[in-house]
Amino acid sequence: MGKPKVDYSLYLVTDSTPAILGDRRLIDVVKEALGGGVTVVQLREKTGDTAELISKARELHALTQSYGVPLLINDRVDVALAVGCEGIHIGQDDMELSTARKLLGPDAIIGVTVSTVDEALKACEGGADYLGIGTVYATPTKTNTKEVIGAAGVREILARIDDAGHKTQTVCIGGINESNLQRIVFQCGTAKKKLDGVAIVSAIMAAEDPDAAATRLGRLLRNPPAFQVDTRGAGSDITDAQSMVALAPSVVQRVHETTPLSHNMTNIVVQNIAANVALAVGASPIMAGYGEEAPDLCKLGGALVINMGSVDPAGLANYLKALRAYNLAGRPVVFDPVGAGATSLRREAVKTIMANGYLDVIKGNEGEIKTVFGNSQEQQRGVDSSSTLDASQKAKLVRELAAREKNVVVMTGKTDFVSDGVRTFAIDNGHEYLGLVTGTGCTLGTVISAAIAPRKTDRLGAVVAAILHFEIAAELAASQPEIRGPGTFVPAFLDELYRIRLATAGGDLVCDIQEKFRTAIFEFDKVVFTTNKLLQAANALQIPIFVTTQNRARLGDTVQELQPLLKAAGPLLQANLDKTRFSMWLPPLTTSSHFSSSTKPRPSEVAIVGIESHICVTQTALDLLAAGHSVYVLADGVSSANREEVGVALARLRQAGAVVTTSESWIYECMGDAAIPEFKGMVGVMKEAMAGTREALQGLVGSKI
Ligand SMILES: Cc1ncc(COP(=O)(O)OP(=O)(O)O)c(N)n1
Ligand SMILES: Cc1ncsc1CCOP(=O)(O)O
């Protein structure tokens, strides 16, 4: 006959206790569940005499056979033998596996309960057909549970039996229902070994409509959870620090452009500063602690921050409601387990939150992350962090926690560690003033929420970008001469958050201003003059610069006059590319984070200067327009060999949708406000350049536009 092939995916374990079955008949409920698609049935009766059990089992077996579904008997080999059903399920305190196998023969299905790696390895070696791994979560259905192992425990067992080369099939059991099934399956599986199914009692047996419940559970099993994001092509392949840093401006820019909702359920201390930080980075904050609002708020395309800094029972219930709503909507959640190890209540709250939903990012200090990991016996003092781990231990901890939770984990500190379980980075930015202002650490969660709000984004890249934005702003703020301490630091910090995000938008393109063209191009020196002014402004206003040369070997480098400014630009000079194509719109420009347009609802704003206006400038501008960007052609900074070409080219570009304007107009537009700190310096530059600007305008613009 041979051993039947079993589909373990939706495994029903019965329960005849009144609390679950009510006044219904077991056979009727199982029939409905079979109708809903359960794939295995286990008869689990803890009371009643043997004859009664055999008769129930016979009746059930006839039913399950008619659905082509195997029936297994809990604990009782004798009953299985009497009925001739497909097999049994035994626990650690039941008959030995080897004895059961002898009695039932090689073709019987025998499942074994395991809650530790040793038990699992032993059962696999002993020839179990499947493992019932649990208890995943505490459940009123079985109160004599020895171990509650969570998804982390299941995952560990799966990984270890896979490492040992066992192909034994697996289900997990305990507290599984419609609200957590997808997350449990998602978090339990390793890259190499996934669960073969879930075993469920009450979520089907106690359901008002077991057929519908089983149908819904089956559907959930067959589909990936809403929060599982496919980030292929969104940066998840980036593994080196340099590329990760290069990605950051696009993340900052995207927040600026999309104004994502940052829904903060946060503590009483940080409400105000968190809202201001959200605004400074370009997010739209809502400080809403009432969970009933979450089903509406989660539809607005933002992300949730659960900061348990002032947790209480009502707050916890609200977090859980919001967590559920955001998980169901596939919207990201940042969890800040503030003071996680400080009290037993907080430790319990962490467990409850983690058992009730998927957390896309967990951010905490060392003590908090240790508590979340679950191996900390340390008593945390208040919510502050004290460190006992060295750098490699910290990196290992965040990596292991992230791998276990299948999310991103951030451990903040003098050096921050961030990991998605595969890639781990250390970030050494920030300033000590951040530690002297209450609540700033919490506001990092808010910045992260804004960065991870878009669905198709590499979460790790977004989190790294958020940390860089936050910590570099702190450094810039603290370095200003008027900052005397944490009090003056806070407003400067908000300013810098704001300024950095403005600076990430747009860029200046300098097209082929090369030595060999000096004598051939009409009013070449004026193009150079305008470009010089533009580069000064870019350096002062932190605007990214992209430079090209056409066939550098033959036509020379960008002219000498501009070289000191390009050098001074440092990392602002994003590309200095030699080309043969006429258009500048080539990698790395096209792939640069400034212009990656995959998720952008609003395009970048780009200014172009250079030569020749009717060839390279025209083709670059047309390509940028086609890619969805806003193009500003600076008429006092572009020229051609034949002066007549310039006006024709500018007219064409204007018609194609480019804005034809002047360098001064563009620079003032970039500043936006005379109150910004750079304004004074820039006015000085403009004044000094006044005569040259006039000459450039007269020479290059004249009556041409
Ligand atoms: C599929 C599955 N897994 C685990 C159990 C638990 O069995 P056991 O440890 O024998 O506990 P009781 O069910 O006897 O209380 C199970 N029944 N089914
Ligand atoms: C039999 C068993 N073994 C471990 S937990 C459990 C009961 C699971 O019941 P429920 O699916 O209602 O949580």
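Quick caveat, the model's predicted, so the values are computed rather than measured.

**Q** What am I meant to see in the overall build of the protein chain here?
**A** In terms of helices and strands, the protein chain carries 28 helices and 22 strands. If one aligns the C-alpha atoms of the protein chain with their principal axes, the spans along those axes are about 105 × 55 × 40 Å. Scored against the burial criterion, the 705 residues of the protein chain give a buried share of 50%. Contacts in the protein chain between residues at least 24 apart in sequence constitute 74% of all its contacts with a sequence separation of at least 6.

**Q** For this particular structure, what's the right way to read the pairing of strand 18 (residues 545-550)?
**A** Remark: a regular strand shows side chains that alternate across the two faces of the sheet. Taking burial as the measure, the 6 residues of strand 18 include 6 buried ones, the bulk of the element. Bridge count for strand 17 (residues 507-511) against strand 18 is 4 bridges, and the pairing is parallel. Bridge pairing links V510 to V547 in strand 18. On the question of chirality, the crossover connecting strand 17 to the parallel strand 18 by way of helix 21 (residues 524-541) is right-handed. Note: strand 18 against strand 19 (residues 573-579), 6 bridges, orientation parallel. Within the sheet, the bridge partner assigned to Q550 lies in strand 19 and is K579.

**Q** For this particular structure, what's the right way to read the UniProt feature "domain: Thiamine phosphate synthase/TenI" (unreviewed entry) in the protein chain?
**A** UniProt's entry tags residues 10-204 with the feature "domain: Thiamine phosphate synthase/TenI" (unreviewed entry), counted in the numbering of this structure. Spanning residues 10-204, this segment combines 41% helix with 18% strand, and its end C-alpha atoms are found 10 Å apart.

**Q** Looking at this model, I keep getting lost on the site of ligand 1. Mind explaining?
**A** In the vicinity of ligand 1 there are 17 residues, among which G91, T113, G132, I173 and A199 approach most closely. Those elements giving two or more residues to the shell around ligand 1 turn out to be strand 1 (10-13), strand 5 (109-114), strand 6 (130-134) and strand 7 (169-173). Among the residues forming the shell around ligand 1, the class breakdown is 5 nonpolar, 8 polar and 4 charged.

**Q** Mind showing me how you'd approach the sheet that holds strand 1 here?
**A** The strands making up a sheet associate through backbone hydrogen bonding, with each pair oriented either parallel or antiparallel. Around the barrel, which closes on itself, the 8 strands sit in the order 1-2-3-4-5-6-7-8 with parallel pairing between neighbours. Averaged over neighbouring strand pairs, the angle between their axes works out to 25° when direction is ignored. Here strand 1 pairs with strand 2 (residues 40-43) via 3 bridges, running parallel. The residue of strand 2 that forms the bridge with L12 is V41. Strands in contact with helix 3 (residues 50-66) are strand 2 and strand 3 (71-74); relative to strand 2, the strand with the most contacts, it is inclined by about 175°.

**Q** Explanation requested: the sheet that holds strand 22 (residues 659-661) in the structure shown.
**A** Spatial ordering of the open sheet is given by 19-18-17-20-21-22, a layout of 6 strands whose pairing is parallel. A single partner strand is all that each edge strand has here, and the edge strands are strand 19 and strand 22. Strand-to-strand, the axes of this sheet are offset by a mean angle of 20°, without reference to chain direction. Pairing between strand 21 (residues 630-639) and strand 22: 3 bridges, direction parallel. Among the inter-strand pairings, Y632 is bridged to a residue of strand 22, identified as V659.

**Q** When you look at the nonpolar core in this model, what are you seeing that I'm missing?
**A** For soluble globular proteins, the rule of thumb is that nonpolar side chains tend to be buried together. I306, V361, V418, A451, V463, V464 and A465 are the most contacted members of the largest nonpolar core, which has 86 residues in total. Setting aside its immediate chain neighbours within four residues, V464 contacts M244, A248, V418, F425 and I427.

**Q** When you look at the site of ligand 2 in this model, what are you seeing that I'm missing?
**A** As a matter of local geometry, ligand 2 sits amid 15 residues, with T139, T141, G174, V201 and S202 nearest to it. Looking at side-chain class alone, the shell around ligand 2 contains 6 nonpolar, 8 polar and 1 charged residues.

**Q** I'm lost on the domain arrangement of the protein chain in this one. Help?
**A** How big an interface is tends to be expressed through the accessible area that disappears when the partners come together. Domains assigned within the protein chain are domain 1 (10-222), domain 2 (241-502) and domain 3 (506-701). The straight-line distance from the C-alpha centre of domain 1 to that of domain 3 is 68 Å.

**Q** Explanation requested: helix 25 (residues 643-656) in the structure shown.
**A** Residues spaced three or four apart along an α-helix face the same direction, because each turn holds 3.6 residues. For helix 25, spanning 14 residues, the distance from its first C-alpha to its last is 21 Å, which sits close to the expected 20 Å at 1.5 Å a residue. Contacts made by the buried residues of helix 25 are with helix 24 (613-626), strand 21 and strand 22.

**Q** Would you explain the confidence of the model for the protein chain in this entry?
**A** Low pLDDT means the predicted coordinates in that region are not meant to be read closely. Model confidence for the protein chain is summarised by a mean pLDDT of 91, while 94% of its residues fall at 70 or above. Contacts of residues 597-602 to residues separated by more than four positions or lying in other chains number 11 contacts, the stretch itself having pLDDT below 50. Quick note on the complex model: pTM equals 0.72, ipTM equals 0.98.

**Q** I keep staring at unusual backbone geometry and nothing clicks. Help me out?
**A** For residues other than glycine, phi is negative in most cases, and the peptide bonds are mostly trans. Looking along the chain, the bond that leaves G134 and enters T135 is cis, with omega of 5°. Looking at the element boundaries, T135 is found in the loop between strand 6 and helix 7 (150-163). Cis geometry is found at the peptide bond from I611 to E612, where omega equals -15°. Even without a glycine there, the phi angle at D75 is positive, about 70°. Although it is not a glycine, E523 sits at a positive phi angle of roughly 55°. Mapping E523 onto the fold places it in the loop between strand 17 and helix 21.

**Q** Looking at this structure, how should I read helix 18 (residues 440-452)?
**A** The end-to-end C-alpha distance of helix 18 is 19 Å, a good match for the 18 Å that 13 residues give at a rise of 1.5 Å each. Most of helix 18 is tucked away: 13 of the 13 residues are buried.

**Q** Quick question: what am I supposed to make of the packing of helix 18 against helix 19 (residues 459-478) here?
**A** Running from amino to carboxyl end, helix 18 crosses helix 19 at an angle of 135°, the nearest separation of the two axes being 8 Å. Relative to helix 19, helix 18 is oriented oblique. Crossing angle aside, the handedness with which helix 18 passes helix 19 is right-handed. Facing helix 18, whose interface residues are L444, V447, I448, A451 and I452, helix 19 presents R459, A462, V463, A465, A466, I467, H469 and F470. The residue makeup of the contact of helix 18 with helix 19, split by class, is 11 nonpolar, 1 polar and 1 charged.

**Q** Any chance you could explain the packing of helix 2 (residues 26-35) against helix 10 (residues 210-222) here in plain terms?
**A** In a packed pair of helices, the relevant descriptors are the angle between the two axes and the axis-to-axis distance. Between helix 2 and helix 10, the least distance of the axes is 7 Å, while the angle of their chain directions is 35°. Crossing geometry of helix 2 relative to helix 10 is assigned as right-handed. Counting all contacts with helix 2, which are made through V29, E32, A33 and G35, the residues of helix 10 involved are P210, D211 and A214. Class assignment for the residues of the contact of helix 2 with helix 10 results in 4 nonpolar, 1 polar and 2 charged.

**Q** Is there a simple way to think about the environment of A274 in this case?
**A** Counting through the fold element by element, A274 comes out in helix 12 (residues 271-281). Residue classification places A274 among the buried residues on the basis of 27 C-beta atoms within 10 Å. Between the alpha carbons of A274 and G441 there is a distance of 9.6 Å; along the sequence they are 167 residues apart. Ignoring sequence-local partners within four residues, the contact set of A274 consists of N264, T266, P285, G439, C442, T443 and T446.

About the thresholds
Residues numbered from 1 in each chain as written. Chains lettered and ligands numbered in written order. Predicted model: local features only at pLDDT ≥ 70, side-chain atom pairs only at ≥ 80, totals over all residues. Helix = DSSP H or I, 4+ residues; strand = E, 2+ residues; numbered from the N terminus. Buried ≥ 20, exposed ≤ 12 C-beta atoms within 10 Å, placed from the backbone. Contact = placed C-beta atoms within 7 Å. Pairing = 2+ DSSP bridges. Right-handed = clockwise from strand over helix to strand, strands pointing away. UniProt positions renumbered as here; feature names shortened; annotations may be inferred. Near = placed C-beta within 6 Å. Nonpolar A, V, L, I, M, F, W, Y, C, P; charged D, E, K, R; others polar. Axes fitted to C-alpha atoms, helices over the stretch in contact; angles between N-to-C directions. Core = buried A, V, L, I, M, F, W, Y, C linked by C-beta atoms within 7 Å. Domains from an automatic or database assignment. Expected span 1.5 Å × (residues − 1). pLDDT = per-residue confidence, 0-100. Parallel < 35°, antiparallel > 145°, perpendicular 65-115°, else oblique. Left-handed = near helix turned anticlockwise from the far one by under 90°.

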